[in-house]
Amino acid sequence: MPPKRRSRTKPDRRAGARPGLKTQMKPDRRSRAGTGRPPREAAPSSQRIPPARPNAVAAALAVAAATAEEETRLRQRHRLTLEEDKPAVERCLEELVFGDVEADEDALLQRLRVARVQLHEDSDDSEVENEAKDNFSPQKKPVWVDEEDEDEEMVDMKNNRFRKDLMKNASESKLSKEKLQERLKEEFQHAMGGVPAWAETSKRKTSSDDESEEDEDDLLQRTGNFLSTSASLPRGILKMKNCQHANAERPTTAQISSVQFHPCAQVVMVAGLDNAFSLFQVDGKTNPKIQSIYLERFPIFKACFSVNGEQVLATSTHSKVLYVYDMLAGKLIPVHQVRGLKERIVRSFELSPDGSFLLINGIAGYSHLLSMKTKELIGSMKINGRVSASTFTSDSKKIYTYSGDGEVYVWDVNSRKCLNRFVDEGSLRGLSIATSRNGQYVACGSGCGVVNIYNQDSCLQETNPKPIKAIMNLVTGVTSLAFNPTTEILAIASETMKEAVRLVHLPSCTVFSNFPVVKKKNISHVHSMDFSPRGGYFALGNEKGKALMYRLHHYSDF
């Protein structure tokens, strides 16, 4: 019996060995070929291995990611190209403001979008809420509190020469710091004429942006002096500055009888009882002396520039000689006798504004009209009583004569006839008279200290005119009156009392409260006053030989 043939397929006895492809296929064939065996069951679906096919969604995501990466790379390259031209300071500023753009540019764009939406929402708020937000100012709390600050410290006022003037009475020998600060603030406001605009913290601008833009456009379209002063002088407080004395380079102890500014040049003349008159250049700081003219045994009662500024006329207290100093030729011409003039002493005189006439006030009620060119007598006018003062009108066609009895006479220059006559209201003794340069006012100063301001038209037409205002700030006789060139200030003074000088605002007829400064007490008996041609300076001469000068800030220098 032949031996059994062994199967060619040897079973793989190695544990976990993976059968080959042929080993897997052969049993399948035998199973299909065998007739007595049932076919092998298929493995469940969960154990099947899916075929390796590409997914469409994954492919789309990959393409999108590649595209975004390419855009980021291009954007990065473009940004680097732009930043090469920027300076380092600008790049550093962008990083501080926007952050690190290189790290996360998309986050920056998202943040800007959110800020824009938030700004749009805030714009829908009501105007009242926005106004409340603007006006709200958070109060800051102090970091620490010093206990010593709460203790009230007293300041010695009596033994300090700078604080001594701030004392109002003897009981204020010591003041607290708060009261001293309030006192200094009051002194500052008194000197400045109120609270300056730059010191007002509560003042807010109410104009809109459109109005401010229109004002800026209008400012840029015009040319001119934008630092000019206002049209009218405000009343109340006059902004002024105390300057160096006009005659500081030629000091004297004699009484100053005349102070006058040159009508054309920046020069002031000072004359007194020391037999001399001097010319000074006005700069407000040193006022250098130009020239001094000495007249032997000739105490000057009055000195005055001619209208054209080429001559100086001077009279004495006890002489009938009239000196004329020719400034161009440098010659001193004495006028010893005027034909037809029977006056033993020539003292008070006036010049007409047009420079044609010279009016000499004589004794026994006479006023003599002379030609300024030839110094010859034209005619004389006579009033009842004695002549206290006289003046020309601004057009040089009429003369006002003020008598010692308080009567005012109006004369025609050409015919030397009296046009009108009236009694100064309330006056028993007339001392001074002045007319304004614009022909509007006439001021009469009486012996009782009252200054009546009249309208010139009423003085020419009415026999009993009523004054516009009676100034009663002086209690002694008003010996000096002077209008400024713009007829906005009237200076009044009395020579019989110290500090008896006031500046009156026109047309309100109110006195400026900050002049004179009584604390300084440097204004003695005033004998003469004058304003510069444009009103920028005001000078007055006193009995102590000082020609005080003040700078008025509202007007130009010369």
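Residues numbered from 1 in each chain as written. Predicted model: local features only at pLDDT ≥ 70, side-chain atom pairs only at ≥ 80, totals over all residues. Heavy atoms only, no water.

## Quick look at the overall build of the protein
When you go through the protein residue by residue, the secondary structure sums to nine helices and 30 strands. Within the protein, the proportion of its 558 residues that are buried is 35%. Taking all contacts inside the protein whose residues are at least 6 apart in sequence as the whole, residues at least 24 apart take part in 45%. (Helix = DSSP H or I, 4+ residues; strand = E, 2+ residues; numbered from the N terminus. Buried < 20%, exposed > 50% of the residue type's maximum accessible area, 1.4 Å probe, protein only. Contact = heavy atoms within 4.5 Å.)

## Quick look at the pattern of salt bridges
A side chain with one charge may pair with a side chain of the opposite charge, provided their charged atoms come close. Scanning all chains against the criterion turns up six salt bridges. Across the pair glutamate 425 and lysine 466 runs a salt bridge, and its minimum N-O distance is 3.3 Å. Here the residue glutamate 425 occupies a position in the loop between β19 (418-423) and β20 (430-435), and lysine 466 occupies one in the loop between α9 (456-461) and β23 (469-471), the gap between them amounting to 41 residues. Lysine 466 sits in the exposed class, given a relative accessible area of 52%. (Salt bridge = Lys/Arg side-chain N within 4 Å of Asp/Glu carboxyl O.)

## Some remarks on the nonpolar core
Counting 21 residues, the largest nonpolar core has Ile489, Leu503, Phe515, Phe538 and Leu540 as its most contacted members. Secondary-structure elements contributing two or more residues to this core are β25 (489-493), β26 (501-505), β28 (526-531), β29 (537-542) and β30 (547-552). Not counting residues within four places of it along the chain, the set of residues in contact with leucine 503 comprises Leu238, Met240, Ile489, Leu490, Ala491, Thr510, Val511, Phe512, Phe515, Phe531 and Phe538. (Core = buried A, V, L, I, M, F, W, Y, C linked by side-chain atoms within 4.5 Å.)

## So, the UniProt feature "repeat: WD" (unreviewed entry) in the protein
Here, UniProt's "repeat: WD" (unreviewed entry) annotation points to residues 387-421. As annotated, residues 387-421 has a helix share of 0% and a strand share of 63%, and its two end C-alpha atoms lie 14 Å apart. (UniProt positions renumbered as here; feature names shortened; annotations may be inferred.)

## Topic: the sheet that holds strand β12 (residues 349-351)
The sheet built from four strands is open, its strands ordered β12-β13-β14-β15 with antiparallel pairing. A strand with exactly one partner marks an edge of an open sheet, and here the two such strands are β12 and β15 (377-382). Neighbour-to-neighbour, the strand axes of this sheet turn through a mean angle of 20 degrees, independent of strand direction. Relative to strand β13 (residues 357-361), β12 runs antiparallel, the two being bridged by three bridges. Pairing of glutamate 350 across the sheet is with leucine 359, part of β13. (Pairing = 2+ DSSP bridges. Axes fitted to C-alpha atoms, helices over the stretch in contact; angles between N-to-C directions.)

## Points about the pairing of strand β9 (residues 311-316)
The buried fraction of β9 is high, at five of six residues. In this structure, strand β8 (residues 300-305) lies alongside β9, joined through five bridges in antiparallel fashion. Bridging across to β9, alanine 303 finds its partner in alanine 314. Taking the residues between adjacent antiparallel strands as the criterion, β8 and β9 are bridged by five residues, where glycine 309 takes a positive phi near 80 degrees. Bridge count for β9 against strand β10 (residues 322-326) is four bridges, and the pairing is antiparallel. The partner of alanine 314 across the bridge, within β10, is tyrosine 323. Here β9 folds back onto β10 in antiparallel fashion, the turn holding five residues.

## Let's talk about the packing of aromatic side chains
Inspection of the entire model under this criterion finds seven aromatic pairs. Where phenylalanine 515 meets tyrosine 550, the ring centres are 5.3 Å apart and the plane angle is 90 degrees; that geometry is what we call edge-to-face. With phenylalanine 515 in the loop between β27 (510-511) and β28 and tyrosine 550 in strand β30, this pair connects stretches of sequence that are 35 residues apart. Of the two residues, phenylalanine 515 and tyrosine 550, both sit in the buried class. Through a chain of ring-to-ring contacts, three or more aromatic side chains come together here, namely Phe515, Phe531, Phe538 and Tyr550. The side chain of lysine 382 reaches across the aromatic face of tyrosine 366, ending 5.7 Å from its centre. The positively charged end of arginine 551 is found above the aromatic ring belonging to tyrosine 537, 5.5 Å away from the centroid. (Phe/Tyr/Trp six-rings, centres within 6.5 Å; stacked < 30°, edge-to-face > 60°. Lys NZ or Arg CZ within 6 Å of the ring centre and 35° of its normal.)

## Some remarks on the sheet that holds β8
As summarised here, the arrangement of the four strands in space is β8-β9-β10-β11, forming an open sheet in which the pairing is antiparallel. Each having just a single partner strand, β8 and β11 (331-335) make up the two edges of the open sheet. Within the sheet, the average angular offset between the axes of one strand and its neighbour, ignoring direction, is 20 degrees.

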